[in-house]
Amino acid sequence: MADGTIGLWTVPLAVFGGAVRVSTPFLFVSLGECITERSGRINLGLEGTLIMGAMSAYGISYLSGSPWLGVLAAGITGALLGALHAGICSLPRVNDIAVGIALMLFGTGLAFYLGKPLIEPTAARLPAIDFGWWSDVPQVRAALRINVLFLIGVAIAPILFWAFRTTRWGLLIRTAGESSDAARAMGYSVLWIRLRATMAGGFLAGIGGSFLSLFYPGSWNEGLSSGQGITAVALVIFARWNPMLCLWASLAFGGAAALGPALQSVGVTSGYHLFNAAPYILTLAIMIITCSPKRTLTGAPAELSITR
Amino acid sequence: MIIGETPLPSGALGVDVVAMTMRFGGFTALDNVELKVRPGSFHALLGENGAGKSTLVKCIMGYYRATQGGVLVGGREQAIANPKEAHALGLGMVYQHFTLVPAMTVAENLVLARDDVPAVVDWTKEKKLLAAFLSRMPFKVPLDAKVSDISAGERQKCEILKQLYLKRRFLILDEPTSVLTPGEADEVLGMLRAMVVAGDLTILMITHKFREVMAFADDVTILRRGKLAGHGRVADLTPDDMARTMIGAEQLTVQPPRVGEVGEPRLELTKLTALDDAGAIAVHGVSLAVRGGEIVGIAGVSGNGQRQLVEVLAGQREAESGEIHIRGDLYSASRKEMRRHKMSLLPEEPLKNACVGGMSVADNIAFREFDRAPFASGGWWLNRSAFRKDAERKIGLYKIKTRTPDTPISALSGGNVQRAVLARELGGEVEVLIAANPCFGLDFAAVAQIHAEIMAARNRGAAVLLVSEDLDELLELSDRLVVMFHGQLVHEARASEANLTEIGRHMAGH
């Protein structure tokens with residue numbers, strides 16, 4: 001080992017640093033999907049939203065020189081895609097899952113088409129905050145360089161948790177997701193609530209995309225997303241539609257994803273690809289343990305097309 | 001509330017419906033209907049299923065826009081475009097299906113229902129206000145309990161409290177007592193009656209229970225097939241007058257008398273336990289024997305495990321433990337066993353539980369026998385003309401109203417779907433019959449026919465297990481009555497000696 005001062009501590013440190021880096025897009029997409037699903041709709045199109053968000057963030061950041069304008073652009077793009085999903089789903093006899101798959105392909109294809117000229121140039125990237133200034137060990141410093149978007153995401157999770165309980169919008173979203181009859185009987189428009197919830201979900205997913213192109217890996221190319229958008233949708237089910245659990249699930253997933261590279265960095269190279277599959281094995285294992293054919297999912301919004 | 005400047009008179013509101021017609025495409029649901037509800041009165045709206053009662057109140061509440069005619073609130077014509085505008089006028093409605101959100105607490109549901117939900121809810125303050133409101137109300141509900149955890153009776157009280165909390169002055173109740181025990185029904189209606197007498201509230205109640213009309217209502221309006229069939233003061237009418245006005249000239253099937261001997265135990269349940277969808281125990285150690293030539297009725301408020309019990313018997317749900325025996329043979333609801341023991345099922349919601357909606361009436365009638373002669377040769381080649389012939393015979397015999405035997409069964413009315421299931425299940429020999437709420441939501445003619453068929457099956461020697469939420473139906477048909485509460489059988493009585501008050505007490509778990 002290069003400096004030999006921390007030895008095997010490299011592994012947990014790298015896993016921690018990796019968890020923070022890798023989990024950020026998961027965190028944003030899963031929090032966004034959490035809002036959408038709590039209103040009674042599933043938006044599988046968030047994979048497309050993520051990639052469109054990454055492309056538009058990179059483009060705007062390159063053109064304006066401000067990465068934060070890029071983040072905003074990614075959010076707006078995501079909200080527009082969310083509005084498209086909600087708009088199509090509000091037509092009679094339209095299935096939200098089918099629309100989601102169509103939008104996933106649409107978003108990905110559109111992003112590749114519009115993003116062709118962005119592969120070459122370099123855009124301004126998002127800043128990170130150095131929490132490791134006190135240490136001389138380069139691994140510690142690297143692991144504690146934490147990006148600002150992650151901190152924002154960590155703050156959004158408890159805010160959402162609180163908002164679902166104590167704000168009018170939180171209560172309305174839950175009502176639309178649990179019983180559209182009840183919402184209608186109170187004189188609320190369920191379609192309108194779901195439109196806004198899907199737009200909010202798209203906004204967050206778009207920001208998740210901006211992280212990919214503006215921080216880590218930090219460039220725009222067609223191999224940018226490896227299915228984070230779709231995995232995050234599964235994370236929401238795994239997190240039982242609870243924003244705080246979405247946070248922990250994203251971190252666990254990110255940590256598992258960082259395991260392979262971390263082990264490689266200390267010289268464990270056998271089974272590298274197996275360790276890279278750790279997040280997916282983790283997901284499968286948890287799904288099998290927590291699900292049962294005899295009972296319905298606890299916490300699932302009753303109006304979701306998968307629970308009805 | 002924001003309706004402070006509304007010029008309507010205070011206290012109970014009167015509502016008049018003038019010459020209302022409502023068409024859905026080519027179908028006329030309401031034809032020139034008049035309704036006059038005096039302020040400060042308890043008004044009953046009677047009619048069979050499909051008579052237009054729900055359409056009428058939904059037009060009042062602004063759910064539907066009537067094709068013609070208008071609504072007068074407090075003597076003034078009002079154009080009510082949506083439920084929100086009806087709410088602003090002080091009109092409220094308690095729906096037959098609960099409109100509470102099951103995953104939320106009672107307090108959340110109450111606050112949510114307000115028109116002015118604050119952007120950020122201060123729960124400490126709201127709970128204090130709610131507690132103060134509840135202390136002025138005649139019945140209590142647990143504020144912090146989740147709605148999914150409270151009983152059906154408490155939910156109905158919650159629905160009514162919600163309307164009172166919203167300061168409604170004209171309240172529509174759609175079959176409010178269908179989920180309550182007789183005791184709970186009397187309690188809730190009695191308290192509402194007191195509020196009406198005090199002049200705070202006007203009530204329009206949709207119902208089909210004459211007992212409640214006679215005991216609580218001042219006036220009654222009766223609809224038949226979308227038309228006004230009669231109205232008047234309850235004091236001037238008898239239940240017979242009202243029934244005749246509801247049904248019109250239609251002839252009802254006469255129920256055969258109770259004859260024959262009670263035989264040997266045929267269907268035996270031993271310590272049967274089953275879970276519900278959430279994994280909680282729904283049926284808890286139920287042991288019961290039904291003899292041939294006997295109808296055993298299971299009474300209970302909906303949601304006490306009856307559904308899961310029937311699903312186990314129907315093979316739709318696995319039992320956790322316990323055994324079912326028919327004629328001494330272990331029974332696990334396979335198709336072979338059902339056929340051998342001549343087992344018949346009339347599940348609740350027949351379109352969902354006993355039919356394939358998109359398949360034809362003839363196919364649905366043939367489900368039990370379709371893979372045997374004469375319907376199939378060699379067990380696989382289907383003989384369509386045999387399907388058709390059998391279906392035509394049964395359609396005539398059971399008076400199923402369908403355009404052709406090839407019409408998809410989902411196009412039939414509820415009563416005719418149930419008649420088709422009846423034709424399939426009771427058309428051949430029957431040794432064991434399981435029926436669950438077989439008459440729920442059906443009209444008088446269908447109910448009379450179904451009751452007659454069930455009684456006839458009993459008289460032919462079948463062992464009948466009848467699960468129903470309708471006590472009158474159980475008392476009419478059963479030989480023996482058991483009460484189910486929280487998944488257990490808690491009380492048993494001979495139907496002829498059954499005491500309504502005592503059964504109601506056991507249904508409520510006391």
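Residues numbered from 1 in each chain as written. Chains lettered and ligands numbered in written order. Predicted model: local features only at pLDDT ≥ 70, side-chain atom pairs only at ≥ 80, totals over all residues. Heavy atoms only, no water.

A separate point is the interface of chain A and chain B. Opposite the 19 residues of chain A that make contact, chain B presents 25 residues. For the pair chain A and chain B, the summed buried surface comes to about 2,100 Å²; carbon and sulfur atoms form 59% of the total. Our count for the contact surface shared by chain A and chain B stands at one salt bridge. Here B:E108 and A:R174 are joined by a salt bridge, their closest N and O atoms 3.2 Å apart. Seen at the junction of chain A and chain B, the total is five residue pairs in polar contact (both at pLDDT 80 or more). Those elements that place two or more of their residues in the side of chain A that touches chain B are α6 (148–166), α7 (168–178) and α8 (180–185) of chain A. Ranked by the residues each element gives to the side of chain A that touches chain B, the list is headed by α7(A), at six residues. (Contact = heavy atoms within 4.5 Å. Buried area = accessible area lost by both parts, 1.4 Å probe. Salt bridge = Lys/Arg side-chain N within 4 Å of Asp/Glu carboxyl O. Polar contact = N/O pair within 3.5 Å; in protein donor to acceptor, adjacent residues only side chain to side chain. Helix = DSSP H or I, 4+ residues; strand = E, 2+ residues; numbered from the N terminus.)

Residue and element names in this part refer to chain B. With numbering matched to this structure, UniProt assigns "domain: ABC transporter" (unreviewed entry) to residues 15–250 and 267–510. With 34% helix and 27% strand, residues 15–250 has its two end C-alpha atoms placed 32 Å apart. Measuring from the first to the last C-alpha atom of residues 267–510 gives 29 Å, for a span that is 34% helix and 27% strand. (UniProt positions renumbered as here; feature names shortened; annotations may be inferred.)

Turning our eyes to something else, we now look at the domain arrangement of chain B. Residue and element names in this part refer to chain B. If you check the domain split of chain B, you get domain 1 (3–247) and domain 2 (266–507). Taking the mean C-alpha position of each, domain 1 and domain 2 sit 34 Å from one another. Together domain 1 and domain 2 conceal approximately 880 Å² of surface at their shared face, both sides included; 70% is due to carbon and sulfur atoms. If you sort the residues of domain 1 by the area they bury against domain 2, N49, T181 and P182 come out on top, with a joint share of 42%. Here domain 1 and domain 2 share zero salt bridges between them. Across the side of domain 1 that touches domain 2, the residue classes tally to five nonpolar, two polar and one charged. (Domains from an automatic or database assignment. Nonpolar A, V, L, I, M, F, W, Y, C, P; charged D, E, K, R; others polar.)

The next subject is the packing of α6(A) against α7(A). All names here are of chain A. Two elements in contact, α6 and α7, have axes whose closest approach is 5 Å; the angle formed by their N-to-C orientations is 80°. The angle between α6 and α7 places the two elements in the roughly perpendicular class. Contacts from A163, F164, R165 and T166 of α6 reach α7 at R168, G170, L171, I173 and R174. Taken together, the residues of the contact of α6 with α7 sort by class into four nonpolar, two polar and three charged. (Axes fitted to C-alpha atoms, helices over the stretch in contact; angles between N-to-C directions. Parallel < 35°, antiparallel > 145°, perpendicular 65-115°, else oblique.)

With that settled, consider the pairing of strand β19 (residues 432–436) of chain B. All names here are of chain B. Most of β19 sits out of view: five of its five residues are buried. Taking every second residue as pointing to the same face, both faces of β19 are buried, with V432, I434 and A436 on one and L433 and A435 on the other. One ladder, built from four bridges, connects strand β16 (residues 343–346) with β19; its direction is parallel. In the sheet register, S344 faces β19, and the bridge partner there is L433. (Buried < 20%, exposed > 50% of the residue type's maximum accessible area, 1.4 Å probe, protein only. Pairing = 2+ DSSP bridges.)

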